[in-house]
Amino acid sequence: NGSDKMESKLLVNERQLVLPGETLATGLEYLPGAGCFRVENELKSKLLGLVKVKDRFVSIVPLAGVYIPRQGDGVIAVVEDLQSTFWILSINSPYDAIMQIGEAVGEYVDLSRTDISSYYDIGDVVYAKVLSVSKSKQIQLTMNDPRAKKLVGGRMLHITPSKVPRLIGKAGTMVEMIKSKTECQIVVGQNGVVWIKGQKEGLAAKAILTIERESHIEGLTERITELLEKGE
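Bear in mind that the values here come from a model prediction, so they are computed numbers and not experimental data. (Residues numbered from 1 in each chain as written. Predicted model: local features only at pLDDT ≥ 70, side-chain atom pairs only at ≥ 80, totals over all residues. Heavy atoms only, no water.)

What is the right way to read helix H5 (residues 220–230) from this model?
An α-helix turns once every 3.6 residues. As a result, residues three or four positions apart point the same way. Leu220, Ile224, Leu227 and Leu228 are the residues of H5 that are buried. Along the long axis of H5, the arc covered by the buried residues comes to 95°, so they all point the same way. Residues of H5 that are exposed and point over 90 degrees away from its buried face: Glu222, Glu229 and Lys230. The elements touched by buried residues of H5 are helix H2 (164–168), helix H3 (173–182) and helix H4 (201–214). One or two steps after H5, the chain reaches Gly231, where phi turns positive at roughly 70°. (Buried < 20%, exposed > 50% of the residue type's maximum accessible area, 1.4 Å probe, protein only. Helix = DSSP H or I, 4+ residues; strand = E, 2+ residues; numbered from the N terminus. Arc of directions from axis to C-beta. Contact = heavy atoms within 4.5 Å.)

Quick question: what am I supposed to make of the sheet that holds strand E5 (residues 36–39) here?
Paired through backbone hydrogen bonds, the strands of a sheet run either parallel or antiparallel to each other. The strand order across the open sheet built from 4 strands is E1-E3-E6-E5, with neighbouring strands paired in antiparallel fashion. Strands at the two margins of the open sheet, each flanked by one partner only, are strand E1 (9–10) and E5. Where strand E3 (residues 23–26) lies against strand E6 (residues 42–45), 3 bridges are found, and the strand directions are antiparallel. Among the inter-strand pairings, Thr23 is bridged to a residue of E6, identified as Lys44. (Pairing = 2+ DSSP bridges.)

In this structure, what is going on with unusual backbone geometry? I would like to understand it.
Of all residues except glycine, most have a negative phi; of all peptide bonds, most are trans. Positive phi, normally seen in glycine, also occurs at Arg15, with a value near 70°. Topologically, Arg15 is positioned in the loop between E1 and strand E2 (17–18). According to the relative accessible area criterion, Arg15 is partly exposed, its value standing at 35%. The backbone phi angle of Ala171 is positive, close to 55°, even though this residue is not glycine. With respect to the helices and strands, the residue Ala171 is situated in the loop between H2 and H3. Of the residues examined, Ala171 reaches a relative accessible area of 86% and is grouped as exposed.

Limitation: the analysis is restricted to geometry and does not speak to function.
Okay, structure coming up:
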């Protein structure tokens, strides 16, 4: 039928906002990832979200529940890549973040002699602050904050960013209760990433995921208290 000879074409850019039903690509070269479906020769979006293209897969990151960075937010970020003077970090958002050497290291660094991976390397996890967000969604992070630090070991959980205030609780009461009952350090990023390290990581994770799932139900504090007392 000749249609497979058609030229495959990507019609959208990385991180472009698309609507449900929008055509993303034509031809058979591109494959549907999460949030996409094929109709004959076209890839279409199932939902409102941002385009992500990896290898030949086109997927959509849904906008509902996505973290949109704001200046001053504390976030948990993972180092994805490094260049000679800055790091590129993933912040559980459609937008990557950049951290310049001057925002990461307090002392003068002779870049001709120093490999910046000696400070932070790919896969390292940090709690950092959002320094700035440009109009084009260029995100800059900084470690120049008293709470900023490298997070070593432990485990990470992802929750819906809008549920973060519920997890922290009024004046930090909810998260403090989980910390004390599970003997864990817990760091909560506004970007919906939670880092847990300590005695009962599994129990802490269970409590946190329960809060995310049931944050709209009355009597949440009592239920979480009970879950932690049982200690299962």
